[in-house]
Amino acid sequence: MEAVRNAMGEATVLVVEDAVELRVLYAHGLAEAGLRVLQAADGAAMQELLARERPDVVLLDINLPDANGLELARRLGLRDRAGLIFVTTRTETADRVEALESLGDDYVTKPVDLRELVARVRNLLRRAAPGDAPLRFDGWTLDLVRRELFRPDGAFLPLTTGEFNILAALAAFRPRPVSREYLLDVISNRDSERVSEHTVDTLMTRLRRKMRQASGREAPIVTVRGVGYALSNGTL
């Protein structure tokens, strides 16, 4: 996020709530706080929005009419894609622990004080500002400030400048694919005479091999035919 979308004024929040009155209430309060708001009534509508939008924070009800919010967050790897706050009537400790340990960033039980909810969203946006929080995908951690990659087990994995720049570009656009032309600009500083698309493919092959050898599993990078590359939708 760009300086948390200029002090959070342009940050986007996706509200996923099947109760119309609550969804409208949350959306109104967030909009009044200067945030851009998207709304979804169920898991299917949420996935349709995520296919074309990149929200900074998702407010997700657990008891949706077509899905369990916890299972949906796990399957889609939502925590890798946005800040995630569960808003639910569930008060069981097991649900809260599961949500906070591996699936989301915050857990709020209904009824919710609207001012508190807005404050929690703002707090999460501040924590997610560039330089404060690294990018996480499929268990890997990419620190953009220190320019370091850490394996799922927490160990440091050295990368060349080109490898790091490519991975950072893929992480920034996840889950959307990134074209070879764009990656070529990323690694060449727009001096296309020094490198070619073949250089991109060579670096990608080397990066995948490093990540596979370091973790014992395939790197979460997929080839998108006719486009380029993308990070897969694995979970933490």
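Check the entry above for the structure.
Conventions and cut-offs
- Residues numbered from 1 in each chain as written.
- Predicted model: local features only at pLDDT ≥ 70, side-chain atom pairs only at ≥ 80, totals over all residues.
- Heavy atoms only, no water.
- Phe/Tyr/Trp six-rings, centres within 6.5 Å; stacked < 30°, edge-to-face > 60°.
- Buried < 20%, exposed > 50% of the residue type's maximum accessible area, 1.4 Å probe, protein only.
- Pairing = 2+ DSSP bridges.
- Helix = DSSP H or I, 4+ residues; strand = E, 2+ residues; numbered from the N terminus.
- Contact = heavy atoms within 4.5 Å.
- Axes fitted to C-alpha atoms, helices over the stretch in contact; angles between N-to-C directions.
- Core = buried A, V, L, I, M, F, W, Y, C linked by side-chain atoms within 4.5 Å.

Engineer: In this structure, what is going on with the packing of aromatic side chains? I would like to understand it.
Structural biologist: Pairs of aromatic rings are described using the distance from one ring centre to the other and the angle between the two planes. One pass over the structure, following the stated rule, counts three aromatic pairs. Between phenylalanine 173 and tyrosine 182, the ring centres sit 5.3 Å apart and the planes meet at 75°, which makes this aromatic pair edge-to-face. The class for phenylalanine 173 is partly exposed, based on a relative accessible area of 24%. Owing to a relative accessible area of 37%, tyrosine 182 belongs among the partly exposed residues under this scheme.

Engineer: Whenever I open this one, the sheet that holds strand S7 (residues 140-143) confuses me. Can you help?
Structural biologist: Two strands in a sheet stick together by hydrogen bonds in their backbones, pointing the same way (parallel) or opposite ways (antiparallel). In spatial order, the strands read S6-S7-S8-S9; together these four strands make up an open sheet with antiparallel pairing. A single partner strand is all that each edge strand has here, and the edge strands are strand S6 (135-137) and strand S9 (156-157). Bridge analysis of S7 against strand S8 (residues 148-150) gives three bridges, and the strand direction is antiparallel. Looking at S8, one finds that aspartate 143 is bridged to glutamate 148. Across the sheet, helix H8 (residues 161-173) lies against S6, S7 and S8, angled at about 110° from S7, the strand it touches most.

Engineer: How do you make sense of the sheet that holds strand S4 (residues 83-88) when you look at a structure like this?
Structural biologist: One open sheet accounts for five strands, arranged S2-S1-S3-S4-S5; its pairing is parallel. One side of each edge strand has no neighbouring strand; the edge strands of this open sheet are strand S2 (36-40) and strand S5 (106-109). Between one strand axis and the next, the sheet turns by 20° as a mean value, whatever way the strands run. Relative to S5, S4 is paired through four bridges, and the arrangement is parallel. When the sheet's bridge partners are listed, threonine 88 is paired in S5 with threonine 109. Sitting on the sheet, helix H2 (residues 20-32) is in contact with strand S1 (12-16), S2, strand S3 (57-60) and S4, with an inclination near 170° to S2. Seen against the sheet, helix H3 (residues 43-50) touches S1, S2 and S3 and runs at an angle of roughly 135° to S2.

Engineer: Help me understand the nonpolar core in this model?
Structural biologist: For soluble globular proteins, nonpolar side chains are generally found buried alongside one another. Of all hydrophobic cores here, the largest spans 26 residues; its most connected members are Phe137, Ile166, Leu167, Met211 and Ile221. Looking at which element gives the most residues to this core, the answer is H8, with seven residues. For phenylalanine 137, the residues in contact, after removing those within four places along its chain, are Asp80, Leu142, Leu149, Leu167, Ala171, Arg174, Met211, Pro220 and Leu231. Core analysis: the next-biggest nonpolar cluster, separate from the first, contains 22 residues, Val58, Ala82, Leu84 and Phe86 among them.

Limitation: the analysis is restricted to geometry and does not speak to function.
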